[in-house]
Amino acid sequence: MNSAAVSPADYLLLLADNALILGQRNAEWCGHGPILEEDIAMANISLDLVGQARLLYQHAAALRNDGSTEDTLAYFRNEPEFGNLTLVELPHQTALAGTARGDRDYAVTIARNFLYSAFMALLWERLQQSTDETLAAIAVKSLKETRYHLRHSRDWLVRLGDGTAESAQRMQAALNHLMPYTQEFWAVHPAEAAAAASGLGVDPRLLQADWEALVADGVAEAQLQLPPASGFVPTGKRGVHSEHMGFLLAEMQSVARAHPQGQW
Amino acid sequence: MDSPAGLHAVAAPHAGLQARAWQVLEAVTDPEIPVVTLRELGILRDVRTAADGVLEVVITPTYSGCPAMGQIEDDVRAVMQREGLEARVVTQLAPAWTTDWITEAAREKLRAYGIAPPGRCSTSAAAGLAGSAGAPSALLRFASPRPGQQATVPCPRCGSGNTTETSHFGSTACKALYRCLNCMEPFDHFKPY
């Protein structure tokens, strides 16, 4: 894809897809949380994320002006059309085959929410100055919510990292597992480059130093080792996803596809 | 655009309708917290007359994913219809809703209902936010409050400031769970947003 082929709506879809897919993932804890308060917390965080996704999809649909709606964008696009980061689609386990089953690990959930919400807090903060008034308004709201998500995940990072030998070992394993995926934050997509040039969006590389400082600060307080973000750079933004994405979409989209136009 | 004189000629007959709409809407309470009205919470932003002469009721969402927003829209539409007022409900994102818009009277009602009202965003953002030693100061705006630096949330039952947060998230996205260490009662705190 070259920059001439991207539109402002494509940038909004990258943001929306991240929020929707992580909202879907985190919602898997609903009814299965490790303790009642965390079950409720994860449901609330998912609601915020799905709410942010809805606002972004509605705005993208309006810009596209091609008959698409928030529902067609969420339920009737196929895997290669989703531009979410690979990080947000991964299951709540450390390395696991797509077809395998295993107990969810809350340390993975916390590590991901920490790494992602640190990035999004910085991004939403900048997007408040977007030249697109609607995106700026969404950013103002989303920043308020993302601050709470960051606070929540950072507190649990510290509690588990600086906890028992078992919790520290699992928190460290989760960080080691997820850190390489964060490299994709800084791999600029043509829609991001175009949006940064027009003032709609932000070049994510401008956030990298602050993000690294935020993450290092939390990891140090948690008495954990900061693993390197190295190795293969994931390609979710470009629509090339992990083996887990199809399973997630199947679960999320099957009802809408079985009953298109269904109302209840 | 109409001349100012033309605008006045149109606006005058609508002023009465708008006033009545405000009056009618005063009866609409929050679906989750029925002791406070949408106006008191700052969700009801405006009642205006659109270019086509139809009344527009402007509401603003609280949290992006608040499931009550759909109910609020339905409630507004229902009460307007019951009173024979034709109106559209318009959702407006900017300026973003903040708990600072909750009126003093509503804060008192929340307290009486058992929900500790939110502190001011402007002060709570400045007070009690600090990272661990050595954190770059530019990042302190995202850090968690340290023990002892968190704004005091007085217990809505006994008034004691000796309270502790048990969970960042409560029964709804807008609330956190607290516990009073004096009277031992758990309670909801409406978070500053």
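Residues numbered from 1 in each chain as written. Chains lettered and ligands numbered in written order. Predicted model: local features only at pLDDT ≥ 70, side-chain atom pairs only at ≥ 80, totals over all residues.

## Structural notes on the overall build of chain B
For clarity, the cut-off: A run of DSSP states H or I qualifies as a helix once it reaches four residues; a run of E qualifies as a strand once it reaches two. Both are numbered from the N-terminal end. Three classes are used. A residue is buried when 20 or more other C-beta atoms lie within 10 Å of its own, exposed when 12 or fewer do, and partly exposed in between, with C-beta atoms placed from the backbone.
Helix and strand counts for chain B come out as five helices and seven strands. Element order for chain B, N to C, with α for helix and β for strand: α-α-β-β-α-β-α-β-α-β-β-β. Per-residue burial for chain B yields a buried fraction of 32% across its 193 residues.

## Structural notes on the environment of Phe 114 of chain A
Along the polypeptide, Phe 114 of chain A turns up in helix H5 (residues 106-127). For the pair Phe 114 of chain A and Trp 124 of chain A, spaced ten residues apart in the sequence, the C-alpha separation amounts to 15 Å.

## Quick notes on helix H9 (residues 208-221) of chain A
All names here are of chain A. Selection criterion: Here a helix's expected span is defined as the number of its residues, less one, multiplied by 1.5 Å. A pair of residues counts as a contact when their C-beta atoms, built from backbone coordinates, are separated by no more than 7 Å.
When the terminal C-alpha atoms of H9 are compared, their 20 Å separation across 14 residues agrees well with the 20 Å that a helix rising 1.5 Å per residue should span. Within the sequence span of H9, burial applies to Trp 211, Leu 214, Val 215, Asp 217, Gly 218, Val 219 and Glu 221. Where the residues of H9 are buried, they touch H5, helix H6 (133-161) and helix H7 (165-178). Gln 223 sits one or two residues past H9 and shows a positive phi near 60 degrees.

## Re the interface of chain B and chain A
The line we're drawing: The residue classification treats Ala, Val, Leu, Ile, Met, Phe, Trp, Tyr, Cys and Pro as nonpolar and Asp, Glu, Lys and Arg as charged. All others, Gly included, are polar.
Residue-level contacts link 23 residues of chain B with 32 residues of chain A. Residue composition of the side of chain B that touches chain A, by class: 15 nonpolar, eight polar and no charged.

## Topic: the packing of H5 of chain A against H7 of chain A
Axes are the key here: two packed helices are described by the angle between their axes and the distance separating the axes. All names here are of chain A. Our working definition: Between N-to-C directions, angles span 0 to 180 degrees; the directions come from axes that are lines fitted to C-alpha atoms, helices contributing only their stretch in contact. For classification purposes, angles smaller than 35 degrees are called roughly parallel, those larger than 145 roughly antiparallel, those between 65 and 115 roughly perpendicular, and all remaining angles oblique. Two helices crossing with the near one rotated counterclockwise from the far one by less than a right angle form a left-handed crossing, whereas a clockwise rotation gives a right-handed crossing.
Between H5 and H7, the shortest axis-to-axis distance is 8 Å and the interhelical angle comes to 50 degrees. On the basis of the axis angle, H5 is oblique to H7. H5 and H7 meet at a crossing whose hand is right-handed. On H7, the residues touching Ala 107, Val 108, Ala 111, Arg 112 and Leu 115 of H5 are Arg 170, Met 171, Ala 174, Leu 175, His 177 and Leu 178. Per-class residue counts for the contact of H5 with H7 are eight nonpolar, one polar and two charged.

## Description of the pairing of strand S3 (residues 87-91) of chain B
All names here are of chain B. Heads up, the condition is: Two strands are said to pair when DSSP picks up at least two bridges between them. Whether a crossover is right-handed comes down to one check: with the strands pointing away from the viewer, does the path from the first strand over the helix to the second run clockwise; if it does, it is right-handed.
In terms of strand pairing, strand S2 (residues 55-59) meets S3 through five bridges, oriented parallel. Looking at S3, one finds that Ile 59 is bridged to Thr 91. Each parallel crossover has a hand, and for S2 linked through helix H3 (residues 68-82) to S3 it is right-handed.

## Let's talk about unusual backbone geometry
Residues Ala 94 of chain B and Pro 95 of chain B are joined by a peptide bond in cis, for which omega reads -5 degrees. Mapped onto the elements, Pro 95 of chain B comes out in the loop between S3 and helix H4 (104-113). Here Asn 65 of chain A, not a glycine, exhibits a phi torsion of approximately 50 degrees, which is positive. Mapped onto the elements, Asn 65 of chain A comes out in the loop between helix H2 (36-64) and helix H3 (70-75).

## Focus: the domain arrangement of chain B
Note: interface size is frequently given as the accessible area lost on complex formation between the parts. All names here are of chain B. Note the cut-off: Reported domain spans reflect what an automatic or database domain assignment gives.
One can read the domain layout of chain B as domain 1 (4-97) and domain 2 (102-190). At the junction of the two partners, domain 1 supplies eleven residues and domain 2 supplies eleven residues. Of the residues contributing to the side of domain 1 that touches domain 2, the split by class is six nonpolar, three polar and two charged.

## Overview of the pairing of strand S6 (residues 175-180) of chain B
Residue and element names in this part refer to chain B. Across the six residues of S6, five count as buried, placing the element largely inside the fold. Note that strand S5 (residues 163-167) and S6 share four bridges and pair antiparallel. By the bridge assignment, Ser 167 is partnered in S6 with Leu 177. Of the strand pairs in this sheet, S6 and strand S7 (residues 186-190) are connected by five bridges, and their pairing is antiparallel. Bridge assignment links Lys 175 to a residue of S7, and that residue is Phe 190. The turn linking S6 back onto S7 is made up of five residues, and Met 184 within it adopts a positive phi angle of 70 degrees.

## Focus on the sheet that holds S2 of chain B
All names here are of chain B. The mixed open sheet is built from three strands, whose spatial order is S1-S2-S3. The sheet is open, and its two edges are formed by strand S1 (44-49) and S3, each paired on a single side. Strand-to-strand twist of the sheet, defined as the mean angle between neighbouring strand axes without regard to direction, takes the value 20 degrees. Here S1 pairs with S2 via five bridges, running antiparallel. Paired with Asp 46 across the bridge in S2 is Val 58. The strands touched by H3 within the sheet are S2 and S3, with S2 carrying the most contacts at an inclination of about 150 degrees.

## Thoughts on the nonpolar core
Here is the rule we go by: Here, a nonpolar core denotes buried Ala, Val, Leu, Ile, Met, Phe, Trp, Tyr and Cys residues that are linked to one another through C-beta atoms within 7 Å.
Residues Ala 16, Leu 56, Ala 111 and Phe 119 of chain A are the most contacted members of the largest nonpolar core, which totals 116 residues. Counting contributing residues per domain, this core is built from domain 1 (4-97) and domain 2 (102-190) of chain B, each supplying no fewer than three. Sequence-distant contacts of Ala 16 of chain A, defined by excluding residues within four places in its chain, comprise Ala 53, Leu 56, Tyr 57 and Ala 60 of chain A.

## As for the sheet that holds S6 of chain B
The sheet built from four strands is open, its strands ordered S4-S7-S6-S5 (chain B) with mixed pairing. Each having just a single partner strand, strand S4 (115-116) and S5 of chain B make up the two edges of the open sheet.

## Side note on helix H8 (residues 190-198) of chain A
Residues and elements named next belong to chain A. Note the following rule: The arc in question is formed by the directions pointing from the helix axis toward the C-beta atoms.
Of the positions making up H8, those classed as buried are Ala 191, Glu 192, Ala 194 and Ala 195. Looking straight down H8, one finds that the buried residues subtend no more than 165 degrees of arc, so they occupy a single side. Looking at the buried side of H8, the elements it contacts are helix H1 (8-27). Downstream of H8 by a residue or two, Gly 199 has a phi angle that is positive, lying close to 95 degrees.

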